[in-house]
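# A look at the structure
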Amino acid sequence: MTSGLRAENLRLAYEKRIVIDGVDLTIPSGKVTVIVGANACGKSTLLRGMSRLLTPDEGAVYLDGQSIHRMRTRDLARQLGILPQSPVAPEGMTVRELVGRGRSPHQTWWRQWSPDDGDAVGQALASTSMTDLADRPVDELSGGQRQRAWIAMALAQDTPFLLLDEPTTYLDLAHQIDVLDLIADLNLAAARTVVMVLHDLNQASRYADHVVAMKSGRVVAEGDPADVVTAELVHDVFGLRCEVITDPLSGTPLVVPFGRHKCPPTVPADSETTTHLPEKQRADR
Amino acid sequence: MAVLTYRIGARGPSGEIRPRVLAVCVALAVVAFAAFCVELTVGDYPIDVVDAARALFWYGDPTAVEIVYDLRLPRALVGLFAGLAFGMAGALFQTMARNPLASPEIIGVTEGANTAAVAGIVLGFGGTLSASSLALFGGLVSAVAVYLLAWRQGTTGYRIVLVGIGVAALFTSTTNYLLQRADLFQAQRAVVWLTGSLNLREWRHVAPVAVAVLVLVPLALLMSRWLSALTLGDDTARGLGVPVQKARLGLMLSGVGLVAFATAAAGPVAFVSLVAPQIALRLARRPTPPLLTSALTGAVIVLVGDLMARPFGLPVGIVTGAVGAPYLLWLLARANRVGA
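Residues numbered from 1 in each chain as written. Chains lettered and ligands numbered in written order. Predicted model: local features only at pLDDT ≥ 70, side-chain atom pairs only at ≥ 80, totals over all residues. Heavy atoms only, no water.

## Overview of the overall build of chain A
Spelled out, the test is: Labels follow the DSSP assignment, with helices taken as runs of H or I lasting at least four residues and strands as runs of E lasting at least two, numbered in each case from the N terminus. For each residue, the accessible area found with a 1.4 Å probe, counting protein chains only, is set against the maximum for its type, and the residue is called buried under 20%, exposed over 50%, and partly exposed in between. In what follows, residue pairs with any heavy atoms lying within 4.5 Å of each other are defined as contacts. Surface accessibility follows the Shrake-Rupley procedure with a 1.4 Å probe radius. Residue values consider only the protein chains on display as shielding. By the counting scheme adopted, Arg and Lys are positive, Glu and Asp are negative, and His together with the chain ends is not counted. By convention, the point assigned to a charge is CZ for Arg, NZ for Lys, CD for Glu and CG for Asp.
Regarding its fold elements, chain A presents nine helices and twelve strands. For chain A, with 285 residues in total, the buried portion stands at 53%. In chain A, once contacts between residues fewer than 6 apart in sequence are set aside, the share between residues at least 24 apart is 65%. With an accessible surface of roughly 13,000 Å², chain A has 49% of that area assigned to carbon and sulfur atoms. In chain A, which carries 29 positive and 37 negative side-chain charges, the distance between the mean positions of the two groups comes to 5 Å.

Below, the structure written as structure tokens:
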């Protein structure tokens, strides 16, 4: 298979500390893929590696069969957009100007701004409902609005692949759902391939077509959320005992964690059963 | 916000023009030109503005022509080019480091130039090499040192600032040591150099800084697209297709070259690099310092500063310092209040 985004035997390290080792991962095209895992499991690192923010020590990432590390920076930026975790805009920069920066991979020294750029910015503002706020400085917006502005920038970049690192960080629950709905819309509207890192398993289960669970720099399970998000997997990946029930609204898995308070005593792991979930699907490596 | 877009032909060049930035640039250019002309009239031999302008085109009193060409034009040109260079370099450093305090004085380039120049004056090996050439050499060496020491699988603006502060401190103490062991005459010369002055500038001071400005300013303007992506952070810039390390190296080299040549010509005129970009961005009402506006602001500050200092027989660096320091304090107080 040559189309789409694919990591092969990927090893990523900061200085000498290896964070990701031997990861093979194929991102389903046109779908929403969500990477989950405990803190420091390497999920953000994997996303950075797949968007060339990190150079691999070994292995490679392929986009439509071509190694992204050999592509021209700008050609890659026309194919793949990346929204880093909690980015910061210069004080006083307006939303419209920020979104306009998303057009830079489509511009040259010669042609700095064209009507196409104006159209793309207008559309990005409209589909994120930011048109009315376009002339406000980004730093004066609320957290949710600010994140929409950044998503609009990534959208103006107009790439078939969109990677987002924890797009809901620092947002309240209502704005988290708002941002996730927006991302789902963007996926559906243009069959854009979306890959994001999320902390919340329930949100991952609800919004992902494909879940990738990571532990200690390796992929331990991937597949449909209903197959992947099980009590055993949550225990394995997060070290947390839980029950997994069906989300009454979406029908997707809903993780209900055990704690030391206000819960019945936890049962031993072997007798822990969940009723409605099929066998855990292990990533074969 | 008013932004005009232009497009020449279907496949021709296109871009954006911000009327306010353009108006500010034109106003600054007018002020700089006026100050430049007034510079030509100041001195022992009385020449008014009209005669000075005529003398530029070899018209009028031959003595006036000679005085304008031999004495006053070099001074005014050094002021103009050094001001442009300091202002533009300040804007490059501040934008790249995303920090308004990242001026060449603070990140080591100026300190390296100072140490080399003072060493030349005090230790006496400036015989064949002038203080200017030594300053140029010192500034470039210090910039290379900062860049290499900040390198760790690539650099970040933040690391460059921190390493630069360390390197600057090292050079400052070396300069102070040299001043301690200097005799009175040497120390006086060194202190005049360290203040930054346009006194006794000749054509040999003008040529290098003029070439540096004419080459590096257009180069930096070409790279300004990269610069504006870098203001969103390294990761975002890379995601937008900017070759971040290459861009930062190119921008830093232009900034360092401008500062080193300007310092070689005029000495380290205090605070211009720090203040000019901050004034420029407030005048132009832009989130980051616009390059050309900053350069023109720098030229205005140096030329007007020199005009203010001359009646008192003071070097220009004292005036820019006296005006720049309170501005720096205000900036710091404001940054504390915002919590940045």
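## Structural notes on the overall build of chain B
In plain terms, the rule: Computation of the radius of gyration draws on C-alpha atoms, with the globule rule given as 2.2 Å multiplied by the number of residues to the power 0.38.
A count of helices and strands for chain B gives 14 helices and two strands. Its C-alpha atoms give chain B a radius of gyration of 20 Å, near enough to 20 Å, the size a compact globule of 340 residues would have. Viewed in the frame of its principal axes, chain B has a C-alpha envelope of about 60 × 55 × 40 Å. Partitioning the contacts of chain B with sequence separation of at least 6, the portion at a separation of at least 24 is 73%. For chain B, the accessible area works out to roughly 15,000 Å², and carbon and sulfur atoms hold 70% of it. Charge-centre separation for chain B: the mean point of 24 positive side chains lies 17 Å from the mean point of 15 negative side chains.

## Details of the interface of chain A and chain B
The line we're drawing: Accessible area that two parts lose when put together, with a 1.4 Å probe and added across both, is what the buried area reports. A carboxyl oxygen of Asp or Glu within 4 Å of a side-chain nitrogen of Lys or Arg is what we treat as a salt bridge. Side-chain atoms alone can form a polar contact between residues adjacent in sequence; in general such a contact is a pair of N or O atoms within 3.5 Å, and within protein one must be able to donate a hydrogen while the other accepts it. Amino acid classes used here: Ala, Val, Leu, Ile, Met, Phe, Trp, Tyr, Cys and Pro are nonpolar; Asp, Glu, Lys and Arg are charged; the rest, including Gly, are polar.
The interface of chain A with chain B comprises 37 residues on the first partner and 35 residues on the second. The largest share of the area that chain A buries against chain B comes from Trp109(A), Arg111(A) and Trp113(A), three residues that together contribute 22% of it. Arg48(A) serves as the salt-bridge partner of Asp235(B), at 2.4 Å between the closest nitrogen and oxygen. Taken together, the connections running from chain A to chain B amount to seven residue pairs in polar contact (both at pLDDT 80 or more). Secondary structure elements with two or more residues in the side of chain A that touches chain B: helix 2 (73–79), strand 6 (80–83), helix 3 (95–101) and helix 5 (143–156) of chain A. Residue classes in the side of chain A that touches chain B are distributed as 18 nonpolar, ten polar and nine charged.

## Some details on the nonpolar core
Which entries qualify depends on this criterion: For our purposes a nonpolar core is just a set of buried Ala, Val, Leu, Ile, Met, Phe, Trp, Tyr and Cys residues, chained together by side-chain atoms within 4.5 Å.
Grouped together as the largest cluster of nonpolar side chains are 81 residues, with contacts concentrated most on Met88(B), Leu92(B), Phe93(B), Val213(B) and Leu258(B). A per-element tally of this core places helix 3 (residues 62–97) of chain B first, with 21 residues. Once you skip the residues sitting within four places of it in the chain, Met88(B) turns out to touch Val217(B), Ala220(B), Leu221(B), Leu258(B), Leu291(B), Ser294(B) and Ala295(B). Within the second largest apolar cluster, 57 residues are counted, among which are Val34(A), Leu164(A), Leu186(A) and Val229(A).

## A closer look at the sheet that holds strand 7 (residues 161–165) of chain A
All names here are of chain A. In plain terms, the rule: Between any two strands, at least two bridges found by DSSP are needed for them to pair. Helix axes are fitted to C-alpha atoms over the stretch in contact, other axes to C-alpha atoms as well, and angles between N-to-C directions run from 0 to 180 degrees.
The strand order across the open sheet formed by six strands is 6-7-8-3-9-10, and the pairing between neighbours is mixed. Taken across any chain shown, the strands that pair with only one partner, and hence form the sheet edges, are strand 6 and strand 10 (218–223). Taking the axes of each pair of neighbouring strands and ignoring which way they run, one obtains an average angle of 15 degrees across the sheet. Judged from the five bridges that link them, strand 9 (residues 210–215) and strand 10 form a sheet pairing that is antiparallel. Each residue of the ladder has a partner; that of Val 212, found in strand 10, is Glu 222.

## A few points about the side chain of His210(A)
Residue and element names in this part refer to chain A. If you trace the backbone, His 210 turns up in strand 9. A polar contact of 2.8 Å, which involves the side chain of His 210, links it to the side chain of Glu 222. Every residue in contact with His 210, bar those within four places of it in the chain, is listed here: Pro 28, Val 32, Thr 33, Val 34, Glu 222, Gly 223 and Pro 225.

## Considerations on the pattern of salt bridges
A complete count under the given rule lists 18 salt bridges over all chains for this structure. With a closest N to O distance of 2.3 Å, Arg148(A) and Asp178(A) form a salt bridge. Taken together, the residues span a long stretch of sequence, with Arg148(A) in helix 5 and Asp178(A) in helix 6 (residues 173–190) at a distance of 30 residues. Through salt bridges that share partners, Glu39(B), Arg75(B), Asp306(B) and Arg310(B) make up one connected network.

## Some remarks on the sheet that holds strand 4 (residues 58–63) of chain A
All names here are of chain A. Strand order in this open sheet of four strands is 2-1-4-5, and the pairing throughout is antiparallel. Either end of the sheet is taken by a strand with one partner, and the two such strands are strand 2 (17–27) and strand 5 (66–67). Bridge count between strand 1 (residues 5–14) and strand 2: seven bridges; the pairing is antiparallel. Paired with Leu 12 across the two strands is Ile 20, which belongs to strand 2.

## Focus: a nonpolar patch on the surface
Residues and elements named next belong to chain B. To be explicit about the condition: Patch rule: a residue counts if its relative accessible area is over 30% and it has no salt bridge; like charges are joined within 9 Å, and nonpolar side chains (Val, Leu, Ile, Met, Phe, Trp, Tyr) within 5 Å.
Together, Leu 4, Tyr 6, Ile 8, Ile 17, Leu 22, Val 26 and Val 30 give the surface a local cluster of nonpolar side chains, amounting to about 640 Å² of exposed area. When residues in the nonpolar patch are grouped by element, the largest group, three residues, is from helix 1 (residues 19–39). As for its position among the elements, Tyr 6 is in strand 1 (residues 4–7).

## A word on the packing of aromatic side chains
Residues and elements named next belong to chain B. Put simply, the rule reads: Pairing of aromatic side chains here covers Phe, Tyr and the six-membered ring of Trp, requires ring centres within 6.5 Å, and sorts the geometry by plane angle: under 30 degrees stacked, over 60 edge-to-face, intermediate tilted.
Inspection of the entire model under this criterion finds two aromatic pairs over all chains. Taken together, a centroid distance of 4.9 Å and an interplanar angle of 15 degrees make the contact between Trp 58 and Tyr 69 stacked. Residue Trp 58 is located in the loop between helix 2 (49–56) and helix 3, and its partner Tyr 69 is located in helix 3; the two are separated by eleven residues in the primary sequence. Accessibility expressed as a relative area gives 61% for Trp 58, which makes it exposed. Ring geometry for Tyr 147 and Trp 151: centres 6.0 Å apart, planes at 45 degrees, overall tilted. Given the relative accessible area of 42%, Trp 151 is considered partly exposed.

## Some details on the side chain of Arg148(A)
For Arg148(A), a relative accessible area of 11% gives the class buried. There is a polar contact of 2.6 Å between the side chain of Arg148(A) and the backbone oxygen of Thr128(A).

## Re the UniProt feature "transmembrane region" (unreviewed entry) in chain B
Selection rule: UniProt positions are given in the numbering used here, feature names are shortened, and annotations may be inferred rather than shown by experiment.
The residues that UniProt annotates with the feature "transmembrane region" (unreviewed entry) are residues 21–42, 76–96, 117–150, 156–179, 206–227, 247–276 and 314–333 of chain B. Helix makes up 100% of residues 76–96 of chain B and strand makes up 0%, while its end C-alpha atoms are separated by 30 Å.

## So, the packing of helix 2 of chain B against helix 3 of chain B
Residue and element names in this part refer to chain B. Heads up, the condition is: Angular relationships are summarised with four words: roughly parallel below 35 degrees, roughly antiparallel beyond 145, roughly perpendicular across 65 to 115, and oblique for the angles in between.
The contact between helix 2 and helix 3 brings their axes to 9 Å, and the two run at 85 degrees. In this view, helix 2 runs roughly perpendicular relative to helix 3, as classed from their interaxial angle. Where helix 2 abuts helix 3, its residues Ala 52, Ala 55 and Leu 56 lie against Ala 64, Val 65, Val 68, Tyr 69 and Leu 73. For the contact of helix 2 with helix 3, the per-class residue count stands at eight nonpolar, no polar and no charged.

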